[in-house]
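# Observations on the model geometry
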Amino acid sequence: MAMKTRLVLLAVLLAGVAGIVAADDFPGISAGGYTSPDHYEGMTLVWRDEFDGDMLDFNSWEHETGTGSDGWGNEELQYYRPENTRVRDGYLVITAREEAFGGSNYTSSRIVSRGKVTARFGRVDIRAKLPEGQGIWPALWMLGATTERIGWPVAGEIDIMEMVGGQGRESTVHGTLHWSNKREHRYEGGSVTLPSGDFSDQFHVFSIAWDETVINWMVDGMSYFQVNIASPEFDAFREEFYLLINLAVGGKWPGNPDASTSFPQHLVVDYIRVFTDL
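We now turn to the structure provided with this report. Predicted, not measured: the structure shown is a model, and the values here were computed from it. (Residues numbered from 1 in each chain as written. Predicted model: local features only at pLDDT ≥ 70, side-chain atom pairs only at ≥ 80, totals over all residues. Heavy atoms only, no water.)

Now for the pattern of salt bridges. Under the criterion given, the structure shown has 12 salt bridges. The partner of Glu 64 in a salt bridge is Arg 114, and the shortest N-O contact between them spans 2.7 Å. On the criterion of sequence distance, the pair formed by Glu 64 in the loop between β2 (62-63) and α2 (71-75) and Arg 114 in the loop between β7 (110-112) and β8 (118-119) is long-range, its members being 50 residues apart. Judged by its relative accessible area of 14%, Glu 64 is buried. The salt bridge partner of Glu 148 is Arg 114, with a shortest N-O separation of 3.5 Å. Pair noted here: Glu 148 is in helix α3 (residues 147-150) and Arg 114 is in the loop between β7 and β8, with a separation of 34 residues, a long-range link. Among the residues examined, Glu 148 registers a relative accessible area of 51% and is labelled exposed. A residue is classified by how much of its surface remains accessible, and Arg 114, at 22% relative accessible area, is partly exposed. Taken together, the shared-partner salt bridges connect Glu 62, Glu 64, Arg 110, Arg 114 and Glu 148 into one network. (Salt bridge = Lys/Arg side-chain N within 4 Å of Asp/Glu carboxyl O. Helix = DSSP H or I, 4+ residues; strand = E, 2+ residues; numbered from the N terminus. Buried < 20%, exposed > 50% of the residue type's maximum accessible area, 1.4 Å probe, protein only.)

Written as structure tokens, this is what we have:
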């Protein structure tokens, strides 16, 4: 009886731990916030991920893992691993945790559509709810499909949305373009700040509309920044680009977490939709 009691207690404890993990990966998610249409006049929906089911769609995505070179080029502190990605109840949730793994003190996830899903001109809508806290750095972005062959920034980079957390910065998001001109790194960016509240309060839709002459950044359907790409200097942006979603911890831009940063933090994505002109 004593052995059986101990086994029952152990099972209860393990179930409790499993419940904690589930709650950690799937916090209470309110669906409130802005929702974009699933069609636009003169455009065709060519790809979407609504994150239905209970796992990542590996026909569209793959994980990038580890610490990258020099913290993925940004002195980031996290170790990216698949275990920090969950799909359930119609949401993708990437969780950043404070835990020791692989020589890092933090873990998170980074997924990419390289070689599986690309876009060239049209519109990309991503409905997401952002994390918060000093040193927290979520990103929804794109890289040129030829990056692995010709390198960055020659192949180009389109940052649809970045937020750097802490110091009251959670109410502002940034859109940026990176490219190369005569082998020199160039970039141009803009930002938008909510009139009230933070981007962690509810869902917002982060978008770009893109053609041969201009890239337009939007939040909740409202334009806040444009780059004219008509000149040959921007030829990289007339090629295919793939998608990336990641939640970084620390780095050159946000700075590192401090005593005010709470973990875990979650980047929650409701859907991604890619449209092209008819």
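So much for the structure itself; the text now carries on.
Trp 152 connects to Pro 153 through a cis peptide bond whose omega is 5°. Along the chain, the position of Pro 153 falls in the loop between α3 and β11 (157-162). Residues Phe 263 and Pro 264 are joined by a peptide bond in cis, for which omega reads 0°. Relative to the helices and strands, Pro 264 is located in the loop between β17 (241-249) and β18 (265-277). Phi is positive for Lys 182, close to 55°, though the residue is something other than glycine. Relative to the assigned elements, Lys 182 resides in the loop between β12 (172-181) and β13 (184-193). Of note, Asp 220 is a non-glycine position whose phi angle comes to about 55°, a positive value.

Attention shifts here to the layout of surface pockets. What the largest pocket holds in volume is close to 770 Å³. Trp 72, Asn 74, Trp 141, Trp 152 and Glu 157 are, among the 32 residues lining the largest pocket, the residues nearest its centre. For the lining of the largest pocket, the leading source of residues is β13, giving five residues. Considering only residue class, the lining of the largest pocket consists of 11 nonpolar, 12 polar and nine charged. (1 Å grid on protein atoms, 1.4 Å probe; cavity = no way out; pocket = protein on both sides within 12 Å on 5 of 7 lines; lining within 4 Å. Points joined across faces, edges and corners; volume = space filled by probe spheres on them. Nonpolar A, V, L, I, M, F, W, Y, C, P; charged D, E, K, R; others polar.)

What follows deals with the nonpolar core. Residues Trp 210 and Phe 237 are the most contacted members of the largest nonpolar core, which totals 51 residues. Here this core gets five residues from one element, more than from any other, and that element is β17. With residues near it in sequence (within four places) discarded, Phe 237 still touches Phe 121, Gly 156, Glu 157, Ile 158, Leu 177, His 178, Trp 179, Trp 210, Ile 215 and Ile 229. Residues Trp 141, Leu 143, Tyr 242 and Leu 244 belong to the second largest nonpolar core, which totals six residues. (Core = buried A, V, L, I, M, F, W, Y, C linked by side-chain atoms within 4.5 Å. Contact = heavy atoms within 4.5 Å.)

Within strand β15 (residues 214-219), five of the six residues are buried, leaving the element largely enclosed by the surrounding structure. Pairing of strand β14 (residues 204-210) with β15 involves five bridges; the strand directions are antiparallel. The residue bridging Ala 209 from the neighbouring strand is Asn 216, located in β15. Between β14 and β15, which pair antiparallel and follow one another directly, the connecting turn spans three residues. (Pairing = 2+ DSSP bridges.)

Here the focus is the packing of aromatic side chains. Scanning the entire structure with this criterion turns up 14 aromatic pairs. Considering the side-chain rings of Phe 234 and Phe 237, the 6.4 Å spacing of their centres and the 40° angle between planes classify their relative orientation as tilted. Considered together, Phe 234 and Phe 237 belong to a single accessibility category, that of buried residues. (Phe/Tyr/Trp six-rings, centres within 6.5 Å; stacked < 30°, edge-to-face > 60°.)

Relative to the helices and strands, Gln 265 is located in strand β18. A polar contact of 3.0 Å, which involves the side chain of Gln 265, links it to the backbone nitrogen of Glu 132. Excluding residues within four positions of it along the chain, Gln 265 makes contact with Ile 94, Thr 95, Ala 96, Pro 131, Glu 132, Ile 136 and Leu 247. (Polar contact = N/O pair within 3.5 Å; in protein donor to acceptor, adjacent residues only side chain to side chain.)

That's the geometry; what it means functionally is another story.
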